[in-house]
Each structure stands twice: as C-alpha cells, then as structure tokens.
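Descriptive structure summary
The primary structure of each chain is shown beneath.
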Amino acid sequence: MKKKIGVYVCHCGGNISDYVDIEKVKEAVKDQAGVFLVKNTLFACADSSQKEMVADIQNNDLDAIVVASCSPKLHVPTFRSVAERAGLNPYNYVQVNVREQGSWAHSDNPEGATEKAILLVKAGIARAYESEALTPAKIPAINAVAVIGAGVGGLRSAIALADMGTEVFLIEKESSVGGHTAGLGQLFTTNIHGEELVANLLSEVKKRTNIKLFTNAELVEEKGSIGNFDIKIKTGKETLSLHSGAFVVNTGFDSYEPEKGEYGFGESENIITLPEFKKLIDTSEPGNLVFKGKTIHKIAYIYCIGSRQDLEGNNKYCSRFCCTAAIHSSILVKNKFKNIFNFHFNRGIRAYGKQELLYEESSKNSDIYLQFSLDSIPQIEKRRSKIFIKVKDILTAGKELETDADLVVLVTGMVPRKNDDLEHLLKIPVGRDGFFNEIHMKLRPVETVIDGVLIAGTCQSPKNILETLNSSMAAAAKANSLLTKGEITLEPTLARVNPAACNWCGKCSSACPFDAIIQTDYEGHKVAKVNASNCKGCGMCTPVCPFDAIDLAGFTNAQIEGMIDALAES
Amino acid sequence: MIDDKVNTEVADYDVLVIGAGIAGEESALKLADMGFRILLIEKEPSIGGKMILLSKVFPTLDCAACITTPKVSETARHPNITLLTLTEADSIIKESNGSFSVILKKHPRYVVEQDCTGCQECETVCPVVVKDQFQFDLVARKAVYIPFNIANPRIALIDIENCMLCGACEQKCPSHAIDFTQQEEAIQVQVKSVIVATGFKLFDPIHIERYGYGKFKNVITSMQMERELAPTRPFNNILRPSDGKVPDKIAYIFCTGSRDHTVGNPICSQVCCMYSTKQAQLLMGALPLADISLYYINIRAFGKGFNEFYMQAKDMGANYVKGKIASVSEKENGNLVLRYEDIASGRVTENEHDLVVLSIGLLANPEITKVFKNITLETDTLNYIKQPDLLQSPASTSVKGVFVSGTATAPMDIPDTIMSAGAAAAETSGYLKQLP
Amino acid sequence: MATNMQPKILVFSTEKISDPALDLAGLLKKHYPFTVYAISVPCSSCIKSRWIMRAYEKGFSGVFIAADGTDCSYGESCGEKTSQIVTATHQLMREKGLKPSQLKMAAICSVCADPFVKHITGFMKELEKLEH
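A few points on the structure. The numbering scheme is per chain: residues are counted from 1 as the chain's sequence reads. Going through the entries in the order they are written, you letter the chains from A and number the ligands from 1. Given that the model is predicted, a residue must reach a pLDDT of at least 70 before its local features are reported, and side-chain atom pairs must reach 80 or more before they are shown or counted; all residues, however, enter totals for whole chains, interfaces and linings. Hydrogens and water are ignored here; the side-chain numbers use all heavy atoms of the structure.

Scanning chain C from N- to C-terminus turns up 4 helices and 4 strands. A run of DSSP states H or I qualifies as a helix once it reaches four residues; a run of E qualifies as a strand once it reaches two. Both are numbered from the N-terminal end. Along chain C, from the amino end to the carboxyl end, the secondary structure elements read β-α-β-α-β-α-β-α. Relative to its length of 132 residues, chain C is compact, with a C-alpha radius of gyration of 14 Å against a globular reference of 14 Å. Projected onto the principal axes, the alpha-carbon positions of chain C cover approximately 40 × 35 × 20 Å. Partly exposed residues are those whose accessible area sits between 20% and 50% of the maximum for their type, while under 20% is buried and over 50% is exposed, using a 1.4 Å probe and protein chains only. For chain C, the proportion of its 132 residues judged to be buried stands at 58%. For this analysis, residues touch if any pair of their heavy atoms sits within 4.5 Å. Restricting to contacts in chain C with at least 6 residues of sequence separation, those with at least 24 account for 80%. Accessible surface computed for chain C: about 5400 Å², of which carbon and sulfur atoms make up 53%. Note on charges: Lys and Arg go in the positive column, Asp and Glu in the negative column, and His and the chain ends are not counted at all. In plain terms, the charge of a residue is placed at NZ if it is Lys, CZ if Arg, CG if Asp and CD if Glu. A distance of 6 Å separates the average location of the 16 positive side-chain charges in chain C from that of its 13 negative side-chain charges. Here the radius of gyration uses the C-alpha set of atoms, whereas the globule reference equals 2.2 Å times the residue count to the power 0.38. Here the accessible surface of atoms and residues is derived via Shrake-Rupley with a 1.4 Å probe, and residues count as covered only by protein chains that are part of the display.

Below, the structure written as structure tokens:
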C-alpha cells in the first residue's frame, strides 16, 4: 500500500481545462488514501513539468505517482522514464485518461466531464495505492527482419536493413519482384524507367549476402513476439522455417477496377484505365498513337475514379498520386506521339509540392482542363461510333462543354490490397479507409500496435514512389533500432501463480495459448508456474482458476477492485 | 545531454545533425537508438522547430505541443545525443579520409545555462520592449527572455542587440545566472557524417503588395493566426490587430507566395490547404458565430485522412470559394475588401471581411550550402537541397556522407517529414556501418 | 447536466484494440453519457467474474465488455474465452437477482468509435428503462 502518492492533473493547454474544472478535481481527490500532494500543470509532458515531478519524487520520497492527462497511448513511456530518473519504479506510476475519455468525450457537458474526471482520478489513485514495483525481464532478440513484399518499397527496406547490419528475409508472393513499378515506363519526377529502377534495386539486393530473397513465397504461419518470431513460409511445395525479430510489411496496393458502366467502362473498348493507358504509351512505337486499330488524337482523362467517393462508395480518401501520374502521362504522350490533344476532366488538380511544375508544363502544352463536381459528373455518350464527353465546367461558370475523344482514360486510384491471410496471421489493424493502421498518424506513421510489426509504402496509404521509399526506409530504421541491441525488454505485467493457493488442476495451463504455464513442485505438492519468457501478459489464464490463485501483475484483484470501488462512488 | 560543455579540443562524433526541428530530432533519435554518437545543433535558443509553435495539427487535431514536447524531451535526454542550442555550423571541410572537420559557432546566451531556473524574474525588470519573434510580432517581449513557455531548454537569453546593458536583470536574478562577459565560442569537431535538417523559411507576404500585408493592420499571416490559436497564445481570445475586436468575418487567401512565378516560387507548398482548413475548424470552434471564407485555387487534401478532414470542415460550415484574390483594400474601420473572380458565377466580385489571413507558403532554406567550404552541397532548380538519386536513395546529397532530411528537400507535412527523417537515419546508418 | 440519477456503466476495454476506439470517440467529439467509465486490460479474456460482480455490488447498473473479437493479438481463443466468462458471470448474476441483459459484450475494433457510442448509448437507455 502506498503512503505518499503524487497526483498531477494536466490542463493540456486547455484541451482538458476548457471543460474540466481542474481546481474542483484537485480539491476532490486530495484526501484520498495515500495522497501526499496534488498539483496541476499546463502540459504534464513538457520538460519543465517532468523536471518538477522528478524533484517532487526525490525531495518527498514519493512512492507512487498518478498523472491525469491524455490517453496512455501517448505518454506512458515519457512518464515511466520520469519515474525511473527519480529512482521510482516505473510501475508505481499510473496514467489516467481525462482527455480523450474525459474532456473531449463529454465536451457537451462540462459538469459531467468534471464529475467523471474526479472519479477517474480517484480510481487511478486507488490503482497506484495497490501498485507494486515490477522489474522487466530481458530476452535475446534476433537481429533479422522478414520483409513481406518485394515491390520497390520492400526492395528498398531490405537494402536499408542489410546495410544497417540486419539479416533480411525478403518474401515475395509473385514469381518476380518489382510489384507495380516493374511494368511502368517513365516515372514522374526523374523520368527513370520503372523497369530500370526495379533492376537497379534488385541488383543491390543481390549484392548483399545478408538478404535472402524468396519468390513465389507466402507467409503461412507465425508464432512468437517481438524479438523472437517463428515463422513458416511456403515456396511452391516446400515449407521453410525461419526466425525473425520483426516484420516490415510492404504489400503494396491494388488499382481500382472501375465497375461496368462506370463512365462507360466495359461498354466501349476505347475507355481504359490509367494503368492500361500507361502501358499503351510505354510500349507503342513513336509516331502515331494507335489503339485497337484506330489512330488516337484526342484523349480525355476523367479523374478521381474510385477515390473521393463523397456521396456513395467506400473510398472517401484521395489516392494522392493520380493527378500527377495522369498529368505526367499526358505530357509523355504529347512528346512521343503526333497530333495529340489532351482534355482533363478533373475535380481540382492535386499536383502538390514540386509536382505543380508538371501541371504548369501540361498547361503550357495547351492541354485543356475542365472541372466538375460530383453533383454534375461528365456524361459519356456514343454517337455515330464516336465517344462524346459533356460536362458543366466549373472553370467557365458552369458552361456546358463537350468534346469528342478517341480514347477515354479513367484516372483510377489505389485501393487497399486484399491481404486477409496476412492480416489474420500478423493481426495488423486496419483503419477506417481500409488501409493498414499506424499507431499515430503524425508521429508514428510506420508502427502498428503489434510490437514488431511495421507497415510501409502503399499498404499504409496511397503514396508515390519517393514517399514509398521514405516510408520503407523509416520502417527499416525503426526495426533495426529495436533489434540491434540484441535484446528486447519485456513488459513485466506477466501472470503469476500464488503457489500457496494453487492445487494444480491444470486449467490455467490448458487456457494458455503460448505454453507459458508448467507444472512444478512446491513444498511437496504440484503447483503451476509461469515461464516468464513465453508469457505474453494476456491474462487468459487468470479467470479460469477455481482458487483464484493466478493473477496478472499490474492488474491484481486489489488494483482492479480498488478502481471499481472508486468509480462506483456517488 | 543538453548544452554540455563541448571543449575546444577536437571532439569526435558519428553524426552531426544540423537543425533540431522535428526532422533533425527524429533522425537523431533513430540513430542514437542504434548506438551512434550524435551532435545535434540548433541555431535558435530552443529546439522543436516550427512544430512546437503550432496550435493543433491536421487532420487529427492533436495539440502540436502535446506531440512535440515528448520528442523534444526524449532528444534532450538521450545519452547518445549532445545538444547545442544557439549554435550554427560555420565551416565544414571534407577531409581526404572521408570524415568532416567542422567549426561551430556557439552564440552567447549571456546566461549561465546550468544556473538558470527559468523563473522569469529577469523579464519583470527589463526596461526594453521589442517585438516577439516567436509570437510572430503579435506581441512584445523583453530583451532578456525565455523564448516561449514550452521552450527546451527553458533557459533565458539576452537579445544583446537590443539590450541596454543596464544590468537590472543581473541584479534581480536569484541564481546570479546573468553573465555579460560571455563571448561567442568556436568549437571544433570531427564527424563521420552530416545530416542537413535545416527546415524551411516562411514566405514573407510583404512581397505581394496588393494583399496589403504590412500596410493594412488586419491582414495577418497564417503563422500569426496559428499563434493566436495555440495554447501558449499571446491573447486569451482571437483578436484582430487594429482594434482588438473579435473578428466575425474571416477570410483566408490560399497560395500566398506559392504557385506564383512573380515571387519566384512556382511550386505548391503542399501543406497550406490543410493547415488553413485546420485553422478554419479551430476558429469555428472558438468563435461559433464567425463566418470563415476560404478563397482557393484547388484544395490539396491528398494525404491520409485529409479529404475526410476537408469534408468535415465543409460540413461544419466553412465557406470554400474558388477564386484567386486579385487585391485587398482597406476601409476606414479596418475592414478589408477582397476583389476576385468568382469562378462559380464567372463574375468579378468583392467581399468585405474584418480579418484576412494569408496562407503563406514554405520556401527553401539553402543558406547551409555556404558552410561547405571545399565541397559543393548542390541545390536543385528550386533551391532545395538536391537529391541526385531521388528514387533510390532520397536522403543522399551531392556530397558522400552528407544526408538530408525533411523540408530541407521539399515542402512536406509532419508525417512525411518523420518518414523522410527515418530514411535519412537508415541511409546514414548504412553509410557509417560500411566505413572502415 | 450532471446528475446522480443516471445509471453507471463500467466498460472493460482492451489496451491495444478497443480502448483506442474509445479514445477515437473522444477525439472525434462523439459524445456519450458521462457515467460510463472504462478500465483498460490487456485482453478481454482476462476479465474475472468477481470483478464484474463487484461492480454490480458497488452500484454499477451495467457492465460492457468491449472485446477484441478476431482482432485480438493474443490469438484465436480470445473470443471463446471471453464468451465463457460472460456465461459463467450470467450464472452468478442470476443467483443475485440481476438480469443477464445488464452484462453486455461486443467486439469493438480499434477504429470502431461510432459502434461503441451506439452500443453504449443504447445500453444506457435500456438501463434507464430497467430502473423505472
């Protein structure tokens, strides 16, 4: 039982204090059992506040601290570190969420938000009161990473990891590497060819003896946790067992496939998708552009196909790369072939950053840009074997304009690739847009909540090649920094058996999916014992014990029931 | 460790990271976690770059300070990172063995760092009042000052150019930390590699006369509005400069200084559509009765969660008007009249607003290239640090062993910066590991 | 309006999956009744019946288990084990004269902010009816 608890209530720069009456909270909790001091801070996480906490702990011999601020997702490591620096065991620190689950969730009811904050802080104090000092164990970590997917992202992740001294298993489902890029001709920005880029990256991979490339291979089994994953991959008829410390998922995207009838797709052979168009211009001989026996002069591009489906459809996001890709293609086609006229039917051109210059170039090439909105989309009509596109053009104050076109290019976006098996195996969370979900969009864009599973490239969100490379190398850097020390520190919130209360019925052992409970001798009778290196701290074993002889450190009966009692108070 | 005594004998580091904004911090932290010894220098008196001065970030609306301060704190504390503020690289010479000899200039704070407790007593007695650059001139500060509330290190400094040398602060300081005898220090170091993370410059809209910035009091920049919205804000409410009125008809002018050949910046700054939308959402929260009109060319809401964020702002009532503002004129009461071609109607229109916010763009910041003495750190045609192998090694520069991270390469938002910084860490680490 | 009359619901959320959904609800300002309190645990399969029973004993009207479902990173058996806990607890509840409908469980994914708010608001309405 703790006797000197320090309680810090954060304003969070107004995010909390604008709704929760901080003074009222302080007043209400100061007399709780064990509380020694109660303070408020503008930003608990700021360096000056942290310094103050360290000083408070040291000067007053505080034996526990409670920080009532934002979600534990953000600052648990920060405040655990504060405790450590002050000489306090980090598991004697409790985080209370009075922002996401307090001021923000109940911003419509400041009185209610304050009442709830008071009880949440009291519960935090009760938990701290019953907290115990816990010491994390360290286990050896394998400095090897399984990179899943050998498109340009995966190839680059592998090269980066290898150069940093990590062993790489590069696992590619198809028979060849390079993903979508391998089939692309000139890429925007540098005009290097996709095949060339892939060939360069592949040759770099081959130079590095610590990268093992498996093609026609898929992950079929996965066990273990960060630092120690036992995986099985299937290549053709063989199944191989490998050991890795982490995963970098580089599984890429799928191109949106328009529905039949969507802007005439599938109803006329001269209506094709952007990838099909790119292939056409990359592989055709210069001179006249010919498609299905017809010479092409007028090309109409219809943008945002399968993306920004604001009214109907699941893809509410912008696919990011396509405005630039379409414009770049329109410049290439004009440079390579004779008498080309480009008409861009768009919903606002998003050629962001330096890519703006391509938009400028295409405009200088006399390309015509027409803008539409979703409530007045371009109408495709076939008249006398010609395709006509009519639109109410926003840029000319809604004038109805029409052109015929020899070829219509539907500028299709990226959709999340179907990866059900992988998702299932690695338990990668999926966001609302269908792409893999990172822990924190701003600060931790390549990590997931599953320790040791990193996501990179377009499987995380649509992006272009440069962005994919940056993201892949960032994931490689993170993976390497986790494994390079050769050991991983385990969370000590593991299961524990009270041997005096145990009668070895075996129920906990059967409940454990990780073989972490074994039988052992204790004072002449058989009892259960937890093997710390296998225990994942899930607690599945704890409710099944008929004698309540097993609990989870950090989630003891005293702690949880103490919290329940505090929250139930009226 | 922060502002450790780096002695004038030559010290050895694996990496010199120039710039301690979010890019420099992220690269430094990744490399430090890998076990390398990092020297991180920052020319301002505090680390955290532009990010620490923001209000909230798009599209999550996390408070910028909340997500920056832990990174800043981690950087300042990391045992493998030596951090020097008010320090610039003066010369970098590449040696024949591939390493770099660097001379740093550490500007004096005139405050003894270890003794300053951040109490701010000195500020109360200083008689000099000047514009506060960290509040983007919205309010004033003293000549002796703590840069801002959540500065790291939270140590005072004296703006010696404006200081009267009256000594009042010296007398008042309870820790006797004021030291007028401090001088600029030259520090020599040997490093194996360099990461340039010098960030971006903000476009100064004084160059667009017809928008009236600098002439009309109620035309402000988005950075100034950002400060008004930030938790460590100068005022308790959103106020307009001419008379302190709380505005209720606010206008945003997008693409100020971007996509504009006439001011020498033809490219898109990538973040302004989003940050303006974010500010609009925050304003609609802070001033529920205010009308917010955003005059745009295109809405570049392309990133993860961006389009949804933009639709949300529209749902909340933000008025997006397609049309480039031709000119701004001022009325006697301080209100502004915006003249533009309204694309929807095809007609030249005028609208009156009581506050105009210019969505200023991001510019290249290539000053660092002058520091490289016997080698050329090349820039591209837009003055950003050149990435010669863009699609294979985006963090590499024209100099072997020198890498680049973040907005020093191109305009980009925070997640893109973090990924670019991670890439720089990966490439630097790979480079260091293959050195003999 | 703060009130002592509103029923209290105890939510058991999971650290990696459903608690982030509760956070997301707050982030998006999706409001729900304030007398809903969450205790976060590693996995919903670690929740003990005795904790649930204590909640009712101390004055909670409802208990909601925001389970991981198939997202659980600890394995497949999570869902089944959590259901077994609910079944065992229902038995104890019946003995104490509590209605089984006062204990609810639903799989809440890490971005399921709207479903969470819907569940909890519906649950609160049910409990309010029960009390009258």
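That shown, we press on.
Scanning chain A from terminus to terminus reveals 14 helices and 30 strands. In terms of principal-axis extent, the alpha carbons of chain A reach across some 90 × 60 × 40 Å. Put simply, chain A has 570 residues, and 60% of those count as buried. Taking the intrachain contacts of chain A between residues at least 6 apart in sequence as the baseline, contacts between residues at least 24 apart amount to 67%. In the structure as shown, chain A presents an accessible area of about 22000 Å², 49% of it carried by carbon and sulfur atoms. The average position of the 63 basic charges and that of the 69 acidic charges among the side chains of chain A differ by 4 Å.

Note that a disulfide, as used here, is simply two cysteine sulfur atoms within 2.5 Å. Applying the stated criterion across every chain yields a total of 1 disulfide over all chains. Here Cys109(C) pairs with Cys112(C) through a disulfide, and the sulfurs are 2.2 Å apart. One disulfide, between Cys109(C) and Cys112(C), carries an S-S torsion of 105° and so falls in the right-handed class. Per residue, the accessibility class of Cys109(C) equals that of Cys112(C), and both read buried. Looking at the unpaired Cys505(A), the closest cysteine sulfur is the one in Cys545(A), lying at 5.9 Å.

Residues and elements named next belong to chain A. When DSSP locates at least two bridges between a pair of strands, those strands are taken to pair. In the sheet, strand S20 (residues 379-383) pairs with strand S21 (residues 386-393) via 5 bridges, with the strands oriented antiparallel. The residue of S21 that forms the bridge with Lys382 is Ile387. From the end of S20 to the start of S21, which pair antiparallel, there are 2 residues, and Arg384 there has a positive phi angle of about 45°. The hairpin turn running from S21 into strand S22 (residues 399-405), its antiparallel successor, is 5 residues long, and Ala397 in that turn takes a positive phi close to 55°.

Attention shifts here to the side chain of Ser244(A). Residues and elements named next belong to chain A. Tracing the backbone shows Ser244 in strand S11 (residues 238-244). The class of Ser244 is buried, set by a relative accessible area of 0%. We define a polar contact as two N or O atoms separated by no more than 3.5 Å, with the added condition that, inside protein, one atom must be a possible hydrogen donor and the other a possible acceptor, whereas residues neighbouring each other in sequence contribute only through side-chain atom pairs. Here Ala246 takes part through its backbone oxygen, which lies 3.4 Å from a polar atom of the side chain of Ser244. Discounting residues that sit within four places of it in the chain, Ser244 has contacts with Ile142, Ala144, Val145, Ala146, Phe169, Gly227, Asn228, Phe229 and Ile231.

For the bond from Phe58(B) to Pro59(B), the omega torsion is -15°, close enough to zero to count as cis. Assignment of secondary structure puts Pro59(B) in the loop between strand S2 (38-41) and helix H2 (64-77). The residue after Asn152(B), namely Pro153(B), is reached through a cis peptide bond having omega 0°. A positive phi is found at Asn191(A), a non-glycine position, where the angle reads about 65°.

All right, on to the sheet that holds strand S18 (residues 341-346) of chain A then. Whether parallel or antiparallel, the strands of a sheet pair through hydrogen bonds between backbone atoms. All names here are of chain A. One open sheet accounts for 5 strands, arranged S14-S23-S17-S18-S19; its pairing is parallel. The open sheet has two edge strands with one neighbour each: strand S14 (271-273) and strand S19 (368-371). When strand polarity is set aside, the average angle formed by the axes of neighbouring strands in this sheet is 25°. Here, axes are lines fitted to C-alpha atoms. For helices the fit covers the stretch in contact, and angles between N-to-C directions go from 0 to 180 degrees. Relative to the sheet, helix H8 (residues 274-283) contacts S14, strand S17 (298-305) and strand S23 (407-412), its axis offset from that of S23 by approximately 125°.

Take helix H7 (residues 306-316) of chain B next. Residues and elements named next belong to chain B. Residues of H7 that are buried include every one of Phe306, Asn307, Phe309, Tyr310 and Ala313, and no others. One side of H7 carries all its buried residues, which in axial view fall inside an arc of 160°. Gly317 sits one or two residues past H7 and shows a positive phi near 115°. Arc definition: directions from the helix axis to the C-beta atoms.

Two elements in contact, helix H12 (residues 465-483) of chain A and helix H8 (residues 414-433) of chain B, have axes whose closest approach is 7 Å; the angle formed by their N-to-C orientations is 60°. Viewed along their axes, H12(A) and H8(B) adopt a mutual orientation that is oblique. The two elements H12(A) and H8(B) meet at a crossing, and its hand is left-handed. Listed contacts from H8(B) to Asn470(A), Ser471(A), Met473(A), Ala474(A) and Ala477(A) of H12(A) are Met419(B), Ser420(B), Gly422(B), Ala423(B), Ala425(B), Ala426(B) and Glu427(B). Polar here means any residue other than Ala, Val, Leu, Ile, Met, Phe, Trp, Tyr, Cys and Pro, which are nonpolar, and Asp, Glu, Lys and Arg, which are charged; Gly is therefore polar. For the contact of H12(A) with H8(B), the residue count by class is 7 nonpolar, 4 polar and 1 charged. Any angle that falls under 35 degrees is termed roughly parallel, while one over 145 is termed roughly antiparallel, one within 65 to 115 roughly perpendicular, and all others oblique. In this scheme the crossing of two helices becomes right-handed for a clockwise turn of the near helix relative to the far one and left-handed for an anticlockwise turn of less than a right angle.

Contacts between chain B and chain A engage 74 residues on the former and 76 residues on the latter. As a working definition, buried area equals the accessible area (1.4 Å probe) given up by two parts on being put together, with both sides summed. Between chain B and chain A, roughly 6000 Å² of surface is buried when both sides are summed, and carbon and sulfur atoms account for 61% of that area. Counting the surface chain B buries against chain A, the share from its top three residues, Lys304(B), Leu391(B) and Gln392(B), is 14%. By definition, a salt bridge exists where a carboxyl oxygen of Asp or Glu is found within 4 Å of a side-chain nitrogen of Lys or Arg. There are 5 salt bridges connecting chain B and chain A. Among the salt bridges present, the one from Lys354(A) reaches Asp380(B), with a minimum N-O distance of 2.8 Å. In this assembly, chain B and chain A are joined by 24 residue pairs in polar contact (both at pLDDT 80 or more). Where the side of chain B that touches chain A is concerned, the elements lending two or more residues are helix H1 (22-33), H2, H7 and H8 of chain B. A per-class count over the side of chain B that touches chain A returns 37 nonpolar, 21 polar and 16 charged.

A few words on the pattern of salt bridges. As enumerated under the stated definition, the model contains 61 salt bridges over all chains in all. Several salt bridges converge on common partners, so that one network encompasses Asp548(A), Glu561(A), Asp565(A), Lys48(C), Arg50(C) and Arg54(C).

It is worth spelling out the packing of aromatic side chains at this point. Planes of paired rings set the category: under 30 degrees apart is stacked, over 60 is edge-to-face and the rest tilted, where pairs are Phe, Tyr or Trp rings (Trp by its six-membered ring) whose centres lie within 6.5 Å. Enumeration over the complete set of coordinates arrives at 18 aromatic pairs over all chains. On the numbers, 3.8 Å between centres and 10° between planes, the contact of Tyr352(A) with Phe302(B) is stacked. Placement of the pair is Tyr352(A) in the loop between S18 and helix H10 (356-364) and Phe302(B) in the loop between strand S14 (291-296) and H7, with the two residues belonging to separate chains. According to the relative accessible area criterion, Tyr352(A) is buried, its value standing at 2%. Grouping aromatic residues by their ring pairs yields a cluster made of Tyr352(A), Phe58(B), Phe302(B) and Phe306(B). If you follow Arg210(B) out to its NZ or CZ, it ends over the ring of Tyr211(B), 5.2 Å from the centre. Distance and angle both matter: a charge sits over a ring if NZ of Lys or CZ of Arg is within 6 Å of the ring centre and within 35 degrees of the ring normal.

Our next topic: the pairing of strand S1 (residues 5-10) of chain A. Successive residues of a regular strand alternate their side chains across the two faces of the sheet. All names here are of chain A. For S1, a buried count of 6 out of 6 residues is recorded, marking the element as mostly surrounded by other parts of the structure. A two-sided burial pattern is seen for S1, the buried positions comprising Ile5, Val7 and Val9 on one face and Gly6, Tyr8 and Cys10 on the other. Sheet topology note: the S1/strand S2 (residues 35-41) ladder contains 6 bridges and is parallel. Bridge assignment links Val9 to a residue of S2, and that residue is Asn40.

Bringing the environment of Gly183(A) into the picture now. All names here are of chain A. On the secondary structure map, Gly183 appears in the loop between strand S7 (167-171) and helix H7 (194-207). Since its relative accessible area comes to 37%, Gly183 is described here as partly exposed. Note: C-alpha distance between Gly183 and Ile428 (245 residues apart in sequence) is 28 Å. Setting aside its immediate chain neighbours within four residues, Gly183 contacts Lys279 and Asp282.

So, on to the sheet that holds strand S12 (residues 246-249) of chain A. Residue and element names in this part refer to chain A. What the 5 strands build is an open sheet, ordered S8-S7-S6-S12-S25; its pairing is parallel. The sheet is open, and its two edges are formed by strand S8 (211-214) and strand S25 (453-455), each paired on a single side. In this sheet, neighbouring strand axes are inclined to one another by 20° on average, regardless of whether the strands run parallel or antiparallel. The pairing of strand S6 (residues 144-148) with S7 spans 5 bridges and is parallel. Paired with Ala146 across the strands is Phe169, a residue of S7. Sheet strands touched by helix H6 (residues 152-163): S6, S7, S8 and S12. Its angle to S7, the strand with the most contacts, is close to 170°.

That is the geometry; function is a separate question.
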